[in-house]
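# An overview of the molecular structure
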Amino acid sequence: MDTKNRTRLFMVALIAALCAFPMVVTNSYILLIATLIGIYIIVNSGLDIVYGYSGQITLGQAGFYAIGAYTSALLSMHTGLPVILCMICGGLLASFLGMLIAIPSVKLVHHFLAMVTIGFGEIVRLLALNGGELTGAADGIPFIPKLSLFGFTFDTTGRYFYVVLGAVIIMLILKQNLVRSRIGRAFRSVRDNADAAAAFGLNVRRLKVTAFTVEGFYGGLGGALYAHLVGFISPETFTLQQSVLFLTMVLLGGSGNLWGPIIGSVLISIMFEVLQPLGQAQMAIYGAIIMGVMLFMPHGIWGAVSTQAARVGRRAPMTEAEALDTKGRS
Amino acid sequence: MQFFIQLAAGGLMVGAIYALVGMGYSLIYRASGLLTFAQGEYFMLGAFGIYTFFVLFDLPYPIAVIAVLLTMVGVGFASEKLLIGPLLRRGAGPIHIVIATIGLSIFLLNTAMMIWGSQGFHVPSTLGDMPVRIADVYLVPQNMAIVVIMFALMIALHIFMNKSRLGTTLRAAAQDKMAAAALGINVSLAVGLTWGIAVGLAGAAGLLIAPIYGVSAHMGLLVGLKGFAAAVIGGYGSIYGAVVGGLLVGLVETFTSGYIDSTMKDVIVFAFLLAVLFFKPTGLLANDMLED
Amino acid sequence: MTLLDIDRLTKTFSGLRAVDEATFCVNAGTVHALIGPNGAGKTTLFGMVSGAIRPTSGRVVFDGVELGNRPPHERSLLGIARTFQQISLWREMSVIENVMAGRYVRTKAGLAACLLGLPSARREQRETKDRARDILEQVGLPERLDNELARALSYGEQRILEIARALASDPKLLLLDEPAAGLNPTEKARLSETIRKICGVGVTVLIVEHDMKLVMGLADRVTVLDHGQKIAEGSPADVQSDESVIEAYLGRGAT
């Protein structure tokens, strides 16, 4: 069967396997990690849209993550809104704030843009830390309500896994729609050659802002999902270190495609668990990974794998006859 | 009034530190058109350097200083040769370089924690810890020395870059690699040396500040940020701009501390940086390209 | 019918007159070449037509509309497209994606439609892809290259792709900036044929080029610049035998 149908079959099989996962694996800690991986996949896919597709450096993911988490937690605890709506509001607010901060920021590039995004993340964290009674300050917010849909409460990790799985599938479908569309192509032309893009009528700044706006929703939704999974949030979770971790996942897995952020999320999360006993050395290792990826695998694991696959099926160079043939398809 | 002068003096002295680090940022940008995230960590390493050589190994102070400076220049050179240079040769874009230096700074920070631990250390001052009173203002000798050294280094750097043969060589290599190579200049060596000097500046700042504020693994983060702010505010790429920017940042910080609240000082400095980035990214002084 | 009217166009760069009161017309449906020795001001003039450079004085009138200081993307909408001296393809996108992306101003699906994959967006996507395929066929790039990354193409193929991309916005006027640079004779012959074909379907072409043989065989009309000034104009044959033209070239060393 052809490639497209083969991919579809693989996806269906994968989703089926994932559906069976909580029934087979009953260790709640492993389920927790798996669910977190799903949340990271959502956040990182949003990050990928900004970094991988529109070519902008961003270190403010933790900020979106925090906005989504706190917004959803607070709305669910202080208003009567159903949790699912609170989550969506969390995503929307993060998206909106992302757009606002992006507007003056996208004229900057590289280090300078990185600084602004770091500032964004840090300011959000500091606001949470100094938010007094509203945000619980350093103590955070405990007893965040569980998600309930149609009377069914997702109060175990196993049940919540399905929620996150569903969210991942939806958000990835949206991402694929976007990156294959004219806006997705517009992002990539801004990334590859912004001057040429401008010459072809693209509003480069507006597109860059759009990328951040979309990332905001993904990050915020991820944060909201996190809040109602763990039931407790505090500023300690939403640090620059977390942003760097997210970026590392996308860099390692590969940016600018569907599978890279997924692979990166899985690998780094597993690495994180495995390397726990090493303590401080862990972050040094992530630093080394970042440098190593930039030096040896700038397109990440997925990039390296795809290049190998392409090399196997390399096309033959055009013959002179073909070069002179301007009549039709060869 | 006396309070004002005291604060101003303090601001200039702390600003001198930011100026030194900022000069390094601008120098690297001048030399290679590149941006780096790691200056703060080099600053921290300079401080740990003086702690290691002066306190742990008990070397005489001048020897320890020379050892630290040579080490830092070597580290800068190595950074360029092992990381930046190879990246550029593989066709890495600016964004990859920035990310790589982010990785480098994380690596250096955490490695330092592994080597020396995460507590703070003390380095005694060779000039004495007692403040000296000059015209109604109390100044710590070490602080004054820093300002003097900073200006001296700024002038020395200017003379070196513009008047000496080696300095002119470095500038030539920075402006046009191919032309420089055609003239027989060892471009690779020149770029490496420039990075060495820039890192050396940060390291010098670290070793100078160590007796005043102590040494700890995280000391580089804020200083790196403020040094970057200094470079941006003064006009990224300008050595004099970095000095002006550094002093300005120092003044903003101490006046915020003195008149508003010391917990706000970092936020205010950061807000200042963001304001400059948003409204006048080319800096308050010079003209340079850092936008799209 | 005049499509492009260059009227006493001038550009001064700190005292140097790069383009000096240049005046000529480009007729619709023709191939018009702009030639001259190095430094004659051809690329600067091009830049003023495409919107990359602001004129110091003079006018550019396109299809009856005075262009003034309109930015490039507005000129794109009006029907002007261009290629660049240095290949500026979107290297990490495929051949067909490059052409589809070049059609951006003629498409309008918004963020929501794209995210949700609405039928209107899908339809527009299909149309864009079909049009891209047609253009690629027109310029002679075979279907099997469609999904190759732009950077994987040979230099000659990339040059052709640049033209295809420029055609994607259905322009009335196509500005070609030294499209033959770096091509071998076979590729040049193919380029010439392709340009003829493009002109045949109604696109007007204004081409800056150094290769005299290519220009003379291709152009309907030639304008010659030297030191920013127009020194000759006419059919290829007229211009070739014009004394001032020969002098301009020989004075610098013949091309």
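So, a few notes on the structure that sits alongside this text. Numbers given for residues are sequential positions, taken from 1 along each chain in its written order. Going through the entries in the order they are written, you letter the chains from A and number the ligands from 1. Totals for whole chains, interfaces and linings use all residues, but because this is a predicted model, local features are given only for residues with pLDDT of at least 70 and pairs of side-chain atoms are given and counted only at 80 or more. Working from all heavy atoms in the structure, the side-chain values ignore hydrogens and water.

### A few points about the sheet that holds strand 2 (residues 16-27) of chain C
Residues and elements named next belong to chain C. This is how it is decided: Here the rule is simple: two strands pair whenever DSSP picks up at least two bridges between them. Each helix corresponds to a stretch of at least 4 residues labelled H or I by DSSP, and each strand to a stretch of at least 2 residues labelled E; elements are numbered beginning at the N terminus. When checking whether two residues touch, look at their non-hydrogen atoms; a contact exists if any pair is within 4.5 Å. Each axis is a line fitted through C-alpha atoms, and for a helix only the stretch in contact is used; angles between axes span 0 to 180 degrees, taken between their N-to-C directions.
Taken in spatial order, the 4 strands line up as 2-1-4-5 in an open sheet, and their pairing is antiparallel. A single partner strand is all that each edge strand has here, and the edge strands are strand 2 and strand 5 (65-66). Sheet topology places strand 4 (residues 57-62) next to strand 5; 2 bridges connect them, and they run antiparallel. If you follow Val 61 over to strand 5, its bridge partner there is Glu 66. Contacting strand 1 (2-13), strand 2 and strand 4, helix 1 (residues 42-50) crosses the sheet at an angle of about 120° to strand 1.

### A short note on the sheet that holds strand 3 (residues 31-35) of chain C
Residue and element names in this part refer to chain C. Strand order in this open sheet of 6 strands is 6-7-8-3-9-10, and the pairing throughout is mixed. Two strands lie at the open edges of the sheet, namely strand 6 (80-82) and strand 10 (229-234), each paired on one side alone. Across the sheet, the mean angle separating the axes of adjacent strands is 20° when strand polarity is ignored. Sheet topology note: the strand 7 (residues 173-177)/strand 8 (residues 204-208) ladder contains 5 bridges and is parallel. Paired with Leu 176 across the strands is Ile 207, a residue of strand 8. Relative to strand 7, helix 1 is tilted by about 150°, and along the sheet it contacts strand 3, strand 6, strand 7, strand 8 and strand 9 (221-226). Its contacts with the sheet put helix 6 (residues 155-167) on strand 6 and strand 7, and the angle it makes with strand 7 is roughly 155°.

### Things to note about the interface of chain B and chain A
For clarity, the cut-off: Joining two parts hides part of their accessible area as seen by a 1.4 Å probe, and the buried area is that hidden amount summed over both. A pairing counts as a salt bridge when a side-chain nitrogen of Lys or Arg comes within 4 Å of a carboxyl oxygen of Asp or Glu. As used in this structure description, the phrase polar contact means that two N or O atoms lie within 3.5 Å; if the pair is within protein, one of them must be able to donate a hydrogen and the other to accept it, and residues adjacent in sequence are counted only when both atoms belong to side chains. Under the grouping applied here, Gly and all other residues not named as nonpolar or charged are polar, the nonpolar ones being Ala, Val, Leu, Ile, Met, Phe, Trp, Tyr, Cys and Pro and the charged ones Asp, Glu, Lys and Arg.
Taken together, the contact between chain B and chain A spans 38 residues of the former and 36 residues of the latter. A combined buried area of about 3300 Å² lies between chain B and chain A, and 81% of that area is made up of carbon and sulfur atoms. In this assembly, chain B and chain A are joined by 0 salt bridges. The tally of links between chain B and chain A comes to 2 residue pairs in polar contact (both at pLDDT 80 or more). Secondary-structure elements contributing two or more residues to the side of chain B that touches chain A are helix 3 (61-89), helix 4 (94-116), helix 9 (219-234) and helix 11 (265-279) of chain B. When residues in the side of chain B that touches chain A are grouped by element, the largest group, 15 residues, is from helix 4 of chain B. Its residues assigned to classes, the side of chain B that touches chain A shows 30 nonpolar, 5 polar and 3 charged.

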